[in-house]
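Examination of the molecular architecture
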There are 2 protein chains.
Amino acid sequence: MKRILLVVAYDGTNYHGWQIQQNKETIEGVLNRCLSALLREEIQVIGASRTDAGVHARGNIAVFDTQTRISADKIAYALNVRLPEDIRIQESKEVDGAFHPRHCDSRKTYEYRIYNAPFAMPTERLYTYFTYARLDIERMRAAAAYLAGTHDFKSFCSVDTQAQSTVRQVDEVEVSRQGQLITIRVTGRGFLYNMVRIMAGTLLEVGRGRIEPEGIPRILEARNRSAAGPTAPACGLTLMKYEFL
Amino acid sequence: MKRILLVVAYDGTNYHGWQIQQNKETIEGVLNRCLSALLREEIQVIGASRTDAGVHARGNIAVFDTQTRISADKIAYALNVRLPEDIRIQESKEVDGAFHPRHCDSRKTYEYRIYNAPFAMPTERLYTYFTYARLDIERMRAAAAYLAGTHDFKSFCSVDTQAQSTVRQVDEVEVSRQGQLITIRVTGRGFLYNMVRIMAGTLLEVGRGRIEPEGIPRILEARNRSAAGPTAPACGLTLMKYEFL
């Protein structure tokens, strides 16, 4: 028996998120089905991040146990042949049998992408959130600086969380603009449910002028979901990478 | 009666190209149908570039005549409400009644985008051509320099052309790389059928080492389609913009 780690990229547009559900196509469901067919054993993957419906990934992580004699690095190639083209394994390798992607220290990087122009751009629509509202990047940057650090992010967490503690360490929140594309890049150790999308929704309100950058500390202190901005739409969010520490 | 110019952006993935065809969804067909419904008159647009099936645009041009009293600049907003989300008007304005987008001097910019990595990336698959082949950018740049200028591009034209002359002026061919993304940006006055895709297919062969950069002048001199590389796939091509001179 060996434990294999997969780096999984996907276009989340046509999936009901990562986590397996009856009668609904999910990333986990497709991986289990294609791996079981490839390896001719019953495979159940464990995902690092159970992304929501519509969220994309360039580097989510899945692990599974197998008795296969196919060498670990070849599994990526063999599996990609069976997967639909909106899911692609980027790497496969053997890891320690005790390795669990949710029970070890890791750093994740997300990008929330906004297409900001008078009119939507069809070739950007699937992987960005479109708004024609004027956004002041400097205000968004000033607000982002208040979000970086170790804080209680209870205001930035959907009410139906199961998390015990809502304190999280965010290493970096960076706002950049290239033409019509605004990217909010967030790196941190663990995130609460919907945390990056609520951060993005709040930074959008700051960019629009509806929240002051200096208002962020008060939003954090409130420890109340209603103090923060709305949850930005899923299609703008991409899980970029995992680093295990 | 007034003549209106539209700047049209689209994701070509789900269309059989620009030009109207029976029982097939085309950009021209959708524009005619939505404009006729909006303005309550029979509208037939004239396109600047009749892009092929699968090719994308950020700035194709369409003109049409109308008796509407809706102000020219408002047509973009009203039409976008009716269009499917993979077609979006970027601008609408009144132009001279004699203006014809194919019978006037213009400069067009295309981008051919290549995703070059060991594995395909799902969120890039619709708007790039994927290859895992190692590509040498410096070789591609050297070859691109030979393509810029006024040449007989007969070797870079699909055999079923109706063009009288195959001499064209290409102002710029620029090859750049950002991470896994290689962009071939071509600006010129008029292009032959499939010319940019054959240029891209030829530069790909140069990047792979199958054609020498110094071989480009001989390919041009051959005036024979079979001397050049293959026609690169449609999904990598985007018509970026038109400038009328």
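Data block above holds the structure.
Definitions and limits used
Residues numbered from 1 in each chain as written. Chains lettered and ligands numbered in written order. Predicted model: local features only at pLDDT ≥ 70, side-chain atom pairs only at ≥ 80, totals over all residues. Heavy atoms only, no water. Helix = DSSP H or I, 4+ residues; strand = E, 2+ residues; numbered from the N terminus. Rg over C-alpha atoms; globule rule 2.2 N^0.38 Å. Contact = heavy atoms within 4.5 Å. Areas by Shrake-Rupley, 256 points an atom, 1.4 Å probe, with all protein chains shown as cover. Buried area = accessible area lost by both parts, 1.4 Å probe. Salt bridge = Lys/Arg side-chain N within 4 Å of Asp/Glu carboxyl O. Polar contact = N/O pair within 3.5 Å; in protein donor to acceptor, adjacent residues only side chain to side chain. Nonpolar A, V, L, I, M, F, W, Y, C, P; charged D, E, K, R; others polar. Pairing = 2+ DSSP bridges. Core = buried A, V, L, I, M, F, W, Y, C linked by side-chain atoms within 4.5 Å. Buried < 20%, exposed > 50% of the residue type's maximum accessible area, 1.4 Å probe, protein only. Phe/Tyr/Trp six-rings, centres within 6.5 Å; stacked < 30°, edge-to-face > 60°. Axes fitted to C-alpha atoms, helices over the stretch in contact; angles between N-to-C directions. Parallel < 35°, antiparallel > 145°, perpendicular 65-115°, else oblique. Left-handed = near helix turned anticlockwise from the far one by under 90°. Least-squares fit on C-alpha atoms with pLDDT ≥ 70 in both.

**Side note on the overall build of chain A**
A count of helices and strands for chain A gives 5 helices and 10 strands. Here the C-alpha radius of gyration of chain A, 19 Å, is about what a compact globule of 245 residues would show, namely 18 Å. Within chain A, residue pairs in contact and separated by at least 24 positions form 72% of the contacts whose partners lie at least 6 positions apart. Accessible surface, chain A as shown: approximately 11200 Å² in total, 44% of it carbon and sulfur.

**Looking at the interface of chain B and chain A**
Interfaces are frequently sized by the accessible area removed from exposure as the parts join. Taken together, the contact pairs 26 residues of chain B with 26 residues of chain A. With both sides pooled, the region where chain B packs onto chain A buries about 2200 Å², and carbon together with sulfur makes up 59% of that total. Contact with chain A buries surface across chain B, with B:Arg58, B:Phe119 and B:Thr123 losing the most and accounting together for 30% of the total. Our enumeration of links across chain B and chain A arrives at 6 salt bridges. Close ionic contact of B:Glu124 with A:Arg58 constitutes a salt bridge, the shortest N to O distance being 2.7 Å. Inspection of the chain B/chain A interface yields 6 residue pairs in polar contact (both at pLDDT 80 or more). For the side of chain B that touches chain A, the secondary structure elements donating two or more residues are β1 (2-10), β3 (56-66), α2 (75-82) and β4 (87-95) of chain B. Here the residues of the side of chain B that touches chain A are counted per class, giving 13 nonpolar, 5 polar and 8 charged.

**Some words on the pairing of strand β8 (residues 167-178) of chain B**
On a regular strand, one side chain projects to one face of the sheet and the next to the other, so that they alternate. Strand direction decides the pairing type here: strand β7 (residues 149-152) of chain B and β8(B), joined by 4 bridges, are antiparallel. Each residue of the ladder has a partner; that of B:Gly149, found in β8(B), is B:Val170.

**Side note on the nonpolar core**
Counting residues in each nonpolar core, the largest one holds 73 residues, and the members touching the most others are B:Leu6, B:Val8, B:Leu31, B:Phe156 and B:Ile184. Setting aside residues no more than four positions away along its own chain, B:Ile184 makes contact with B:Tyr110, B:Glu111, B:Tyr112, B:Ile114, B:Met140, B:Val173, B:Glu174, B:Val175, B:Ala200 and B:Leu203. Membership of the second largest hydrophobic core comes to 72 residues, among which are A:Ile61, A:Phe64, A:Phe153 and A:Ile198.

**Some points on the packing of aromatic side chains**
For the coordinates displayed, the defined rule picks out 16 aromatic pairs over all chains. When the centroid spacing of 6.4 Å and the interplanar angle of 55° are considered together, the rings of B:Phe130 and B:Tyr132 count as tilted. Measuring from ring centre to ring centre gives 5.5 Å for B:Tyr242 and B:Phe244, while their planes differ by 20°; the resulting arrangement is stacked. Given the relative accessible area of 12%, B:Tyr242 is considered buried. Classification of B:Phe244 as partly exposed rests on a relative accessible area of 28%. Among the aromatic residues, those joined into a cluster by ring pairs are A:Phe99, A:Tyr242 and A:Phe244.

**Things to note about the packing of helix α1 (residues 27-39) of chain A against helix α2 (residues 75-82) of chain A**
Two quantities define a packed helix pair, namely the angle between the helix axes and the distance between the axes. All names here are of chain A. Interhelical geometry of α1 versus α2 gives an angle of 115° and a closest axis separation of 10 Å. If you check the angle between α1 and α2, you find them roughly perpendicular. In this structure, α1 crosses over α2, and the sense of that crossing is right-handed. Between α1, through Leu31, Cys34, Leu35, Ala37 and Leu38, and α2, the contact on the second element is made entirely by Ile75, Ala78, Leu79 and Arg82. When grouped by side-chain class, the residues that make up the contact of α1 with α2 number 8 nonpolar, no polar and 1 charged.

**Regarding the relation of the copies chain B and chain A**
Placing chain B over chain A gives an RMSD of 0.0 Å and needs a rotation angle of 180°, together with 0.0 Å of translation along the axis. Accordingly, the operation relating the two chain copies is best matched by a two-fold axis. Taken as a fraction of all interface residues of chain B, those also at the interface in chain A reach 100%, which identifies the copy contact as same-surface.

**Things to note about unusual backbone geometry**
All names here are of chain A. Of note in the backbone geometry, Asn23 takes a positive phi value of approximately 60° without being a glycine. Following the sequence through the fold, Asn23 ends up in the loop between β1 (2-10) and α1. Of the residues examined, Asn23 reaches a relative accessible area of 83% and is grouped as exposed. At Arg40, a residue that is not glycine, the phi angle is positive and equals roughly 55°. Here Arg40 shows up in the loop between α1 and β2 (46-47). On the accessibility criterion, Arg40 (77% relative accessible area) is exposed.

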